[in-house]
Amino acid sequence: DAGITQSPRYKITETGRQVTLMCHQTWSHSYMFWYRQDLGHGLRLIYYSAAADITDKGEVPDGYVVSRSKTENFPLTLESATRSQTSVYFCASRRTGLDYQPQHFGDGTRLSIL
Amino acid sequence: DQQVKQNSPSLSVQEGRISILNCDYTNSMFDYFLWYKKYPAEGPTFLISISSIKDKNEDGRFTVFLNKSAKHLSLHIVPSQPGDSAVYFCAAKGGSGGSNYKLTFGKGTLLTVNP
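Residues numbered from 1 in each chain as written. Chains lettered and ligands numbered in written order. Predicted model: local features only at pLDDT ≥ 70, side-chain atom pairs only at ≥ 80, totals over all residues. Heavy atoms only, no water.

## As for the nonpolar core
Then comes step 1: Phe33(B), Trp35(B), Leu73(B), Leu75(B) and Tyr88(B) are the most contacted members of the largest nonpolar core, which totals 23 residues.
Then comes step 2: Going through the elements one at a time, strand E3 (19–25), strand E4 (30–38), strand E5 (45–51), strand E7 (62–67), strand E8 (72–77), strand E9 (86–94) and strand E11 (109–114) of chain B are the ones with two or more residues in this core.
Then comes step 3: Per element, the largest residue contribution to this core is 4 residues, and it comes from E9(B).
Then comes step 4: If sequence neighbours within four positions are ignored, Leu73(B) has contacts with Leu21(B), Asn22(B), Cys23(B), Tyr25(B), Phe33(B), Trp35(B), Val64(B), Phe65(B), Leu66(B) and Cys90(B).
Then comes step 5: Tyr31(A), Phe33(A), Leu45(A) and Phe105(A) belong to the second largest nonpolar core, which has 20 residues in total. (Core = buried A, V, L, I, M, F, W, Y, C linked by side-chain atoms within 4.5 Å. Buried < 20%, exposed > 50% of the residue type's maximum accessible area, 1.4 Å probe, protein only. Helix = DSSP H or I, 4+ residues; strand = E, 2+ residues; numbered from the N terminus. Contact = heavy atoms within 4.5 Å.)

If you want it as structure tokens, here you go:
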């Protein structure tokens, strides 16, 4: 049971570069989420998706782009990276159900932008 | 405006004693609350949850209490173990604007359990 995996685990890049963080889940969960974790802010939602081809903005979407062509993948792209986007990024997924189902998280990608 | 607040950045307890982590919220539309535990270099792991129609939920050593009138919830860990040392996030679901499946997280509390 692979669950939810993120790649790469660590990434260093330069300002202005495009970088894509990958998220893959094997549960066929409908919902997927991207968060960033910064000191003093906890976890903040960037984008989320309710199903393939359905995405919507979260709390801090500026500078990010997402797509969801397949249920199992939810990549996050920084089109022109800035230093303020240095953070730890977490992907999560959850299934639907009669009762609310909790989100399950990947182990994160630590992104440093120089 | 922070809708979910964990006012204690850190908490230190002795092994075997009770750990109490607190969380306050401001949005009365929240209808479900969760606690996540996070170890360094790992993702958050779901721990326990409670619906707004209940005031207590228990799972082994972990109990969550909800006081809706005070907009306050707490996580009790009894007895505390060194392996419980982690950052604990409080999260809430619900609110306005189609937020029925999004979570709003607090900033987290670092729990240290000393042997």
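Here the narrative resumes, following the displayed structure.
## Quick word on the interface of chain A and chain B
Note: interface size is frequently given as the accessible area lost on complex formation between the parts.
Then comes step 1: Contacts between chain A and chain B engage 21 residues on the former and 17 residues on the latter.
Then comes step 2: Taken as a group, Leu43(A), Tyr100(A) and Phe105(A) account for 34% of the area that chain A buries against chain B, more than any other trio of residues on that side.
Then comes step 3: At the boundary of chain A with chain B, the tally comes to 0 salt bridges.
Then comes step 4: Summed over the shared surface of chain A and chain B, the number is 4 residue pairs in polar contact (both at pLDDT 80 or more).
Then comes step 5: Among the elements of the structure, strand E4 (31–38), strand E5 (42–51) and strand E9 (87–94) of chain A are those that each provide at least two residues to the side of chain A that touches chain B.
Then comes step 6: Broken down by element, the side of chain A that touches chain B gets its largest block of residues, 5 residues, from E5(A).
Then comes step 7: When the residues that make up the side of chain A that touches chain B are grouped by side-chain class, the tally is 11 nonpolar, 6 polar and 4 charged. (Buried area = accessible area lost by both parts, 1.4 Å probe. Salt bridge = Lys/Arg side-chain N within 4 Å of Asp/Glu carboxyl O. Polar contact = N/O pair within 3.5 Å; in protein donor to acceptor, adjacent residues only side chain to side chain. Nonpolar A, V, L, I, M, F, W, Y, C, P; charged D, E, K, R; others polar.)

## Details of the sheet that holds E8(B)
All names here are of chain B.
Then comes step 1: One open sheet accounts for 5 strands, arranged E1-E3-E8-E7-E6; its pairing is antiparallel. The open sheet has two edge strands, strand E1 (4–5) and strand E6 (56–59), and neither has a second partner.
Then comes step 2: Where E6 meets E7, 4 bridges bridge the pair, whose relative direction is antiparallel. Across the sheet, residue lysine 56 finds its bridge partner in E7, namely phenylalanine 65. (Pairing = 2+ DSSP bridges.)

## Notes on the pairing of strand E11 (residues 109–113) of chain A
Residue and element names in this part refer to chain A.
Then comes step 1: Burial of the side chains of E11 is restricted to one face: Thr109, Leu111 and Ile113 are buried, whereas none of Arg110 and Ser112 on the reverse face is.
Then comes step 2: Direction of pairing for E9 relative to E11: antiparallel, over a ladder of 3 bridges. If you follow tyrosine 89 over to E11, its bridge partner there is threonine 109.

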